[in-house]
Amino acid sequence: MGEINLYEYPISPFSEKVRRVLTYKHLKWHPIDCHYEDKTNLLAVTKGAWTRVPVLEWDGEVVYNSADIIKWLDRKVPANRVIPDDSRLLIELIDNWADNTFFMSILFLTIPDLLDGVGDAKLKANREKLIGMTTAQMRERHAPMKGQLGSYEFFDGAGFQKRQSMARKDSRSRVGGDFNGAQISSRS
Ligand SMILES: N[C@@H](CCC(=O)N[C@@H](CS)C(=O)NCC(=O)O)C(=O)O
């Protein structure tokens, strides 16, 4: 089988879903680090159809939208199935809710810490504009929720680790350094 290219951002939670499935299936991939403002490579690989990450390219096929990528991967590589046949519809329902509804409420809890961790002022300004709130406003608005969920590493973002242990070191992308479960890199 040919090589897998994953167009992604290091801090993208949707990319992280796909990275975790690739890792679970013991697949190696080339991370192609996309720029949050420059969509040139995303437009090129999807022939103008999609400007978001993640996008997966494998054996000449291009798949986008994390849930669709995961479904496609599960069919192509049945080992270590993540979507059992008998729960397919239930998983689809939960996935839809998590990606489109739950994600929005949890975003404000996780994004301030993620952005501060990266330490890239331009990225921070870009994301604040996209979301329509400063990270300070996000923190203030969600302080009570954070208080209640604070003991859950998963919710408060402290435990977010980019899943890149299986990513190839000889990647032609701009992501480099230690690939052993390293914390988020500063190149988003
Ligand atoms: N439904 C899509 C959502 C993907 C998405 O919104 N990705 C974000 C990054 S986490 C993105 O590319 N946003 C546009 C941008 O950053 O300019 C999926 O599941 O893949």
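The shown structure was predicted, so the numbers you read here are calculated from the model rather than taken from an experiment.

**Q** Help me understand the pairing of strand 4 (residues 61-64) in this model?
**A** The two faces of the sheet receive side chains in turn, since in a regular strand these alternate between them. Bridge count for strand 3 (residues 55-58) against strand 4 is 4 bridges, and the pairing is antiparallel. Note on strand 4: the bridge partner recorded for Glu 57 is Val 62. What sits between strand 3 and strand 4 in their antiparallel hairpin is a turn of 2 residues, with Asp 59 showing a positive phi close to 50°.

**Q** Any chance you could explain the sheet that holds strand 2 (residues 30-33) here in plain terms?
**A** Sheets are built from strands paired through backbone hydrogen bonds, the pairs being either parallel or antiparallel. Taken in spatial order, the 4 strands make up an open sheet running 2-1-3-4, and their pairing is mixed. Only two strands of the sheet have a single partner each, and these edge strands are strand 2 and strand 4. Adjacent strand axes in the sheet meet at a mean angle of 20° when their direction is disregarded. By the bridge criterion, 4 bridges tie strand 1 (residues 4-8) to strand 2 in an arrangement that is parallel. The residue of strand 2 that forms the bridge with Glu 8 is Asp 33. Here helix 3 (residues 66-76) sits on the sheet and contacts strand 3 and strand 4; the angle it forms with strand 4, its principal contact strand, is near 135°.

**Q** How do you make sense of helix 1 (residues 13-24) when you look at a structure like this?
**A** Residues lying three or four places apart along an α-helix face the same way, a consequence of the helix completing one turn every 3.6 residues. The first and last C-alpha atoms of helix 1 sit 16 Å apart over 12 residues, in line with the 16 Å expected at 1.5 Å per residue. Burial in helix 1 covers these residues: Ser 15, Glu 16, Lys 17, Val 18, Arg 19, Val 21 and Leu 22. His 26 sits one or two positions beyond helix 1 and adopts a positive phi of about 60°.

**Q** Would you take a moment to explain the site of the ligand for this structure?
**A** Close to the ligand lie Tyr 9, Ser 12, Pro 13, Phe 14, Tyr 36, Arg 52, Val 53, Pro 54, Asn 65, Ser 66, Ala 67 and Asp 99. Those elements giving two or more residues to the shell around the ligand turn out to be helix 1 and helix 3. Among the residues making up the shell around the ligand, the classes are represented as 7 nonpolar, 3 polar and 2 charged.

Rules behind the numbers
Residues numbered from 1 in each chain as written. Predicted model: local features only at pLDDT ≥ 70, side-chain atom pairs only at ≥ 80, totals over all residues. Pairing = 2+ DSSP bridges. Helix = DSSP H or I, 4+ residues; strand = E, 2+ residues; numbered from the N terminus. Axes fitted to C-alpha atoms, helices over the stretch in contact; angles between N-to-C directions. Contact = placed C-beta atoms within 7 Å. Expected span 1.5 Å × (residues − 1). Buried ≥ 20, exposed ≤ 12 C-beta atoms within 10 Å, placed from the backbone. Near = placed C-beta within 6 Å. Nonpolar A, V, L, I, M, F, W, Y, C, P; charged D, E, K, R; others polar.

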